[in-house]
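# Summary of the model geometry
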Amino acid sequence: MLYTTRYAIPKLPRILMPSSTSLVFLPCAQQTRLHLHSQSLPPQNAHKFDSIDDGVALFHHMVNMHPPPSVVEFTKILGTIVKMKYYATAIYLYAQMESKGIMPFTVTLNILMNCYCHVGQMGFAFSVMGKILKWGYKPNVVSLTTLMNGLCVNGKMMDALYFHDEIVAKGFRVDEVMYGTLINGLCKTGETRLAIQVLRKMKGKLVKPNLIMYNIVIDGLCKDGFIKEAHDLCSEMIIQGIFPDVVTYSSLIYGFCLASQWKEVRLLLNGIAAKDISLDACHEGQWKEVRLLLNEIAAKDRLDVCHAGQLKKVKALLNEIAAKDIILDVCTFNIIIYALCKEGMLLQAHDIDVMTGRGDQPDVITYTILMNGYCLIDKVDEARKLFDMMIERGLVPDVWSYNILIKGYCKMKRVDDAMNLLKDMLLKNLVPNIFTYNSLVDGLCKSGRISRAWELVNDMHYCGHPPPDVITYNILLESLCKMQHLDKAIALFKHLMFDRSFAPNVWSYNILITGYCKNRRVDEAKNLLKDMFLKNLAPNIFTYNALVDGLCKSGRISCAWELVNELHYRGHPPPDVTTYNILLEALCKMQHLDKAYALFKHLILERSFAPNVWSYNILISGYCKNKRVDEAMSLFEDMCFKNLVPNIVTYNILLKALCNQEQLDKAITLFNQIVDQGIGPNLYTYNILMDGLCKSGRLKTAQKISQHLFIIGCHPGVQTQ
């Protein structure tokens, strides 16, 4: 299907002609008669200057010379200004040059096009192409690649694909750089599948896919989690006679590490050793990606369980690397270490001897990754030791090093320590970013210091470096709601929209809807839902679950069921297990056990509902509270039959019910089952059992359990003393 763009690409030679109003940045561009003067000698080294002010002054001087210098000299100055990234200035200076009747040539116009692309004005960029055609110049591959890059940089990938098809159809030459630009743009916007299609379409054409193009796509697949597809594409590349290099291997190692596929990492490293490839030149993109992933991990506060067996495998892998004399640089080690930390397999500082023993010194990223690992398991003091060690060894912490530590301190409610780090950053002329400030605002709010958080947000708003974003304001809204200041949260919400042009997102509305529902103000929550639709925001399952919960807690279960049915038949979004669990819990709390069980069966049979452990816990708890222990045990057996692993909450519910009914032998059998299955009993478990034993007169058994608790460092509750 053809994709119609507002740049009117289909009629390239005609539509790209500029109209009299097309170049609004170019006053007099269409009215002035263009002519060539006899050329004066340009100033020596005209295109070399130290500051933008010097460049602008020099350009003004040259443009007022009689006769003016060659257009080549003006073009050199414009090129230098563009390298300094002053795109708007270059556009303005070009307009002055043209208004003086100095005729540009193709290179000048390519520079102008590039400027418009960088400031996001693609319509003007295409109008410059129209000038090229109107004045009889032939667009070269640089002109076309500039436009292609502009579309990609501005995220207009469908336009870029259509533009590619049109220029190919009109016989323009497309080279490797343009294909590489298109493929890179597709991968960066998550359209990796389309990038693969472009690669495959190139086969049989004059321009063949090269290693750079394959590397871009392989890297994109790895980042998107399609590791198998990346590996398959690498194999396809080899069949085509293109062999992987350091970048290919780095991307694949990175992908396999993140997927914890250590066997594949080992096979890759063996292949590297056999081919005598040195991984000593990791490209900048990998460094940047590690930083971005650190940000993502810190933002999500993710902590996975450490698997000692896997840790041994990885240590063995690192030792194998050393033994085989495979040369891995610090960046490759960082990728592996990051993957370990992500999996909760934290390498302590003394565990990186493999690196230091080979003469490679840990860098800032190595320390930052390890600091993040410690912060994830709440060992912020250990992270601080690494931070200080990094400075002692002459390394300079960057913004992300500070961000990780600030986040760690805020998580532990040590906000003053975090604020001291902010002061340290400012003293060292290190510019905090939005993540820094959001961590601090969140930490202050969770410590109950909302007024101080608001002061910090106001400082951000009025200074603007950086300005608060939607996440900043959502943190404030959530804190007010959690502290039951719902009306203050609503007032802030309205103030932000009217006075600060705040554009709320789905999370913003979810926070307020949840707040209303928890306070049983469901009708006001429903009004917010209507407001979301008016603002073209699509509610997600969290929005609807909050409403279902609010309706249930307000005793309006029939209304909740109507809403759930509407979600089921509409399917956008469909109800999830949490939705149905809310209904089950509401029915159980209202003592409608038979209705709850009937709903449970109906959902399994009619709606392919897959209950989880929480679903069973709700029903088991309901039956136990109503002294229907046999039915609860039957559900427990059904749960195990369906390969759902009961948790300590399940066992505690049943244990308490058995003890209350003085079925102590069954309770002890169940307790032994907990221990045998490796589920650690908690203090509440012991208290339930000891209370039951004491009430039934089995004091010696209770005393033995009490002694065992003291040995392992636990102290029984008051009720068991």
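Residues numbered from 1 in each chain as written. Predicted model: local features only at pLDDT ≥ 70, side-chain atom pairs only at ≥ 80, totals over all residues. Heavy atoms only, no water.

A tally of regular secondary structure across the protein chain gives 38 helices and zero strands. Relative to its 721 residues, the protein chain shows a buried fraction of 50%. Considering only residue pairs separated by 6 or more positions, the protein chain has 65% of its internal contacts joining residues 24 or more positions apart. In the form shown here, the protein chain has an accessible surface area of approximately 35,200 Å², with 55% of it arising from carbon and sulfur atoms. (Helix = DSSP H or I, 4+ residues; strand = E, 2+ residues; numbered from the N terminus. Buried < 20%, exposed > 50% of the residue type's maximum accessible area, 1.4 Å probe, protein only. Contact = heavy atoms within 4.5 Å. Areas by Shrake-Rupley, 256 points an atom, 1.4 Å probe, with all protein chains shown as cover.)

Following His-66, the chain continues into Pro-67 via a peptide bond in cis, with omega recorded as -10°. Despite not being glycine, Asp-378 has its phi angle at roughly 65°, a positive value. Structurally, the position occupied by Asp-378 is in the loop between helix H19 (364-376) and helix H20 (380-392). The phi angle at Asn-643 is positive, at roughly 65°, despite the residue not being glycine.

A few words now on the nonpolar core. Ile-513 and Ile-620 are the most contacted members of the largest nonpolar core, which has 118 residues in total. Of all the elements, helix H35 (residues 648-660) adds the most residues to this core, at eight residues. Among residues more than four places away in sequence, those in contact with Ile-513 are Ala-525, Leu-528, Leu-529, Met-532, Thr-543, Ala-546 and Leu-547. Counting 77 residues, the second-largest nonpolar core is a separate cluster that includes Ile-91, Met-122, Ala-125 and Cys-187. (Core = buried A, V, L, I, M, F, W, Y, C linked by side-chain atoms within 4.5 Å.)

What follows deals with helix H34 (residues 629-641). With 13 residues, H34 should reach 18 Å at 1.5 Å per residue; the first-to-last C-alpha distance of 18 Å fits that figure. For H34, the complete set of buried residues consists of Val-629, Ala-632, Leu-635, Phe-636 and Met-639. In an axial view of H34, the angular spread of the buried residues amounts to 115°, which keeps them on one side of the axis. Every exposed residue of H34 that faces more than 90 degrees away from the buried side is listed here: Asp-630, Glu-637 and Phe-641. Contacts from the buried residues of H34 go to helix H32 (593-606), helix H33 (613-625), H35 and helix H36 (664-676). Downstream of H34 by one or two residues, Asn-643 has phi in the positive range, about 65°. (Expected span 1.5 Å × (residues − 1). Arc of directions from axis to C-beta.)

Let's shift gears to the pattern of salt bridges. Applying the stated criterion across every chain, the model contains 26 salt bridges. Taking the shortest distance from any N to any O, the salt bridge between Lys-385 and Glu-382 comes out at 3.4 Å. Here Glu-382 and Lys-385 lie together in helix H20, a separation of three residues that amounts to about one turn. With a closest N to O distance of 3.2 Å, Arg-698 and Asp-665 form a salt bridge. With Arg-698 in the loop between helix H37 (683-695) and helix H38 (699-711) and Asp-665 in helix H36, this residue pair connects regions lying 33 residues apart in the sequence. Taking the relative accessible area as the measure of exposure, Asp-665 reaches 52% and is therefore exposed. (Salt bridge = Lys/Arg side-chain N within 4 Å of Asp/Glu carboxyl O.)

Once that is clear, we can look at the packing of aromatic side chains. For the structure shown, the criterion picks out 15 aromatic pairs. Three or more aromatic residues joined by ring pairs make a cluster, and in this case those are Tyr-580, Tyr-597, Phe-600, Phe-609, Tyr-616 and Tyr-623. Over the ring of Phe-226 we find Arg-193; its NZ or CZ atom is 4.5 Å from the centre of that ring. The ring of Tyr-462 is capped by Arg-500, whose NZ or CZ atom sits 5.8 Å from the centre of that ring. (Phe/Tyr/Trp six-rings, centres within 6.5 Å; stacked < 30°, edge-to-face > 60°. Lys NZ or Arg CZ within 6 Å of the ring centre and 35° of its normal.)

Let us now look at the side chain of Asp-363. Its place among the elements puts Asp-363 in the loop between helix H18 (353-356) and H19. A distance of 3.2 Å separates a polar side-chain atom of Asp-363 from the backbone nitrogen of Ile-365. In terms of polar contacts, Asp-363 uses its side chain to reach the side chain of Thr-366, at 2.6 Å. (Polar contact = N/O pair within 3.5 Å; in protein donor to acceptor, adjacent residues only side chain to side chain.)

Mean pLDDT over the protein chain: 79, with 78% of residues reaching 70 or higher. Segment residues 1-43: pLDDT under 50, and 102 contacts once partners within four positions in sequence are set aside and those in other chains are kept. Confidence drops under pLDDT 50 across residues 279-311; counting only partners more than four residues distant or on other chains, this segment forms 76 contacts. (pLDDT = per-residue confidence, 0-100.)

Along an α-helix, a turn takes 3.6 residues, which lines up residues three or four apart on a common side. Look at helix H9 (residues 176-188): 18 Å from first C-alpha to last across 13 residues, which is about the 18 Å you get at 1.5 Å a residue. Looking at H9, one finds that the buried residues are Met-178, Tyr-179, Gly-180, Thr-181, Leu-182, Ile-183, Gly-185, Leu-186 and Cys-187. Buried-residue contacts for H9 involve helix H7 (141-153), helix H8 (157-169), helix H10 (192-202) and helix H11 (211-223). Just beyond H9, the residue with positive phi is Gly-190, at close to 80°.

A word on the packing of H11 against helix H13 (residues 246-258). Contact geometry for H11 and H13: axes closest at 9 Å, N-to-C directions at 10°. Put simply, H11 runs roughly parallel to H13. Residues Leu-211, Asn-215, Ile-218, Asp-219 and Cys-222 of H11 form the contact with H13, whose participating residues are Val-247, Thr-248, Ser-251, Leu-252 and Gly-255. A per-class count over the contact of H11 with H13 returns five nonpolar, four polar and one charged. (Axes fitted to C-alpha atoms, helices over the stretch in contact; angles between N-to-C directions. Parallel < 35°, antiparallel > 145°, perpendicular 65-115°, else oblique. Nonpolar A, V, L, I, M, F, W, Y, C, P; charged D, E, K, R; others polar.)

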